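Listed below are the residues making up each chain.
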Amino acid sequence: MKIAVGSDHAGYRLKGEVAALIQELGHEVSDLGTHSEESVDYPDFAVKVARAVTGGEADLGILVCGTGLGMAIAANKVKGIRAVTCGDTFSARASREHNDANVLCIGARVTGGGLALEIVKTWSESEFQGGRHARRVQKIADIESSS
Ligand code: RB5
């Protein structure tokens, strides 16, 4: 799989660890920045990763900011994105299996590094289950189209 990663300054360090893990797991990483701890605006990176996913350059995206909240709000403005903020592995798995989440957001100031990497591993290894969940995800897309 190809996974695009992005962060703001608050998530910069953890993004590096996430990128290394993704590679260890055998995936290709596309790091869309930021590339230092200099203060930046998280929506600029959320949109880069979100568009990489909807444009097909990446299969999935992972975003890291201080809380994982602003990134999710911004990424979800891009049509076709289902971004979730996860701080536990149960939600991470369910977000792929039930919601077909295509962007994972993590809060580096909230979730410790060890747990964050477990969340990334669980999320990237989980697959959408389809079936009744596909009908519900389609209803989300219908809301988006009619808004
Ligand atoms: C940056 O200070 C912080 O607001 C950002 O990383 C994120 O938490 C936004 O949701």
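Above this text sits the structure in question.
Scope of this entry: the structure provided in the associated data block. This is a predicted model, so every value here is computed, not measured.

### So, the site of the ligand
With respect to spatial proximity, the complete set of residues near the ligand consists of Asp8, His9, Ala10, Tyr42, Cys65, Gly66, Thr67, Gly70 and Arg109. Take Gly66: an N or O atom from its main chain is 2.7 Å from an oxygen atom of the ligand. The side chain of Arg109 places a nitrogen or oxygen atom 3.3 Å from an oxygen atom of the ligand. Relative to its free-state accessible area of 290 Å², the ligand is covered by the protein chains to the extent of 71%. For the shell around the ligand, the residue count by class is 3 nonpolar, 4 polar and 2 charged.

### Section: the pairing of strand E5 (residues 103-107)
In terms of residue burial, E5 counts as a mostly covered element, since 5 of its 5 residues are buried. Strand direction decides the pairing type here: strand E3 (residues 60-65) and E5, joined by 5 bridges, are parallel. Counterpart to Gly61 in the pairing with E5 is Val103. Relative to E5, strand E4 (residues 83-85) runs parallel, the two sharing 3 bridges. Its bridge partner lying in E5, Thr85 is registered against Cys105. One crossover worth recording links E4 to the parallel E5 by way of helix H4 (residues 89-97), and it is right-handed.

### Observations regarding the packing of H4 against helix H5 (residues 113-125)
Where H4 meets H5, the axes come as close as 8 Å, and the angle between the chain directions of the two elements is 25 degrees. When the interaxial angle is binned, H4 and H5 end up roughly parallel. Here the hand of the crossing between H4 and H5 comes out right-handed. Between H4, through Thr89, Ala92, Arg93, Ser95 and Arg96, and H5, the contact on the second element is made entirely by Leu115, Glu118, Ile119, Thr122 and Trp123.

### Brief notes about the packing of aromatic side chains
For the structure on display, the rule yields 0 aromatic pairs. The side chain of Arg96 reaches across the aromatic face of Trp123, ending 5.8 Å from its centre.

### Looking at the pairing of strand E2 (residues 28-31)
As defined by bridge partners, strand E1 (residues 2-7) adjoins E2 across 4 bridges and the pair is classed as parallel. Each residue of the ladder has a partner; that of Ala4, found in E2, is Ser30. Read as a crossover between parallel neighbours, the route from E1 over helix H1 (residues 12-24) to E2 is right-handed.

The rules behind these values
- Residues numbered from 1 in each chain as written.
- Predicted model: local features only at pLDDT ≥ 70, side-chain atom pairs only at ≥ 80, totals over all residues.
- Heavy atoms only, no water.
- Near = heavy atom within 4 Å.
- Polar contact = N/O pair within 3.5 Å; in protein donor to acceptor, adjacent residues only side chain to side chain.
- Areas by Shrake-Rupley, 256 points an atom, 1.4 Å probe, with all protein chains shown as cover.
- Nonpolar A, V, L, I, M, F, W, Y, C, P; charged D, E, K, R; others polar.
- Buried < 20%, exposed > 50% of the residue type's maximum accessible area, 1.4 Å probe, protein only.
- Helix = DSSP H or I, 4+ residues; strand = E, 2+ residues; numbered from the N terminus.
- Pairing = 2+ DSSP bridges.
- Right-handed = clockwise from strand over helix to strand, strands pointing away.
- Axes fitted to C-alpha atoms, helices over the stretch in contact; angles between N-to-C directions.
- Parallel < 35°, antiparallel > 145°, perpendicular 65-115°, else oblique.
- Left-handed = near helix turned anticlockwise from the far one by under 90°.
- Contact = heavy atoms within 4.5 Å.
- Phe/Tyr/Trp six-rings, centres within 6.5 Å; stacked < 30°, edge-to-face > 60°.
- Lys NZ or Arg CZ within 6 Å of the ring centre and 35° of its normal.

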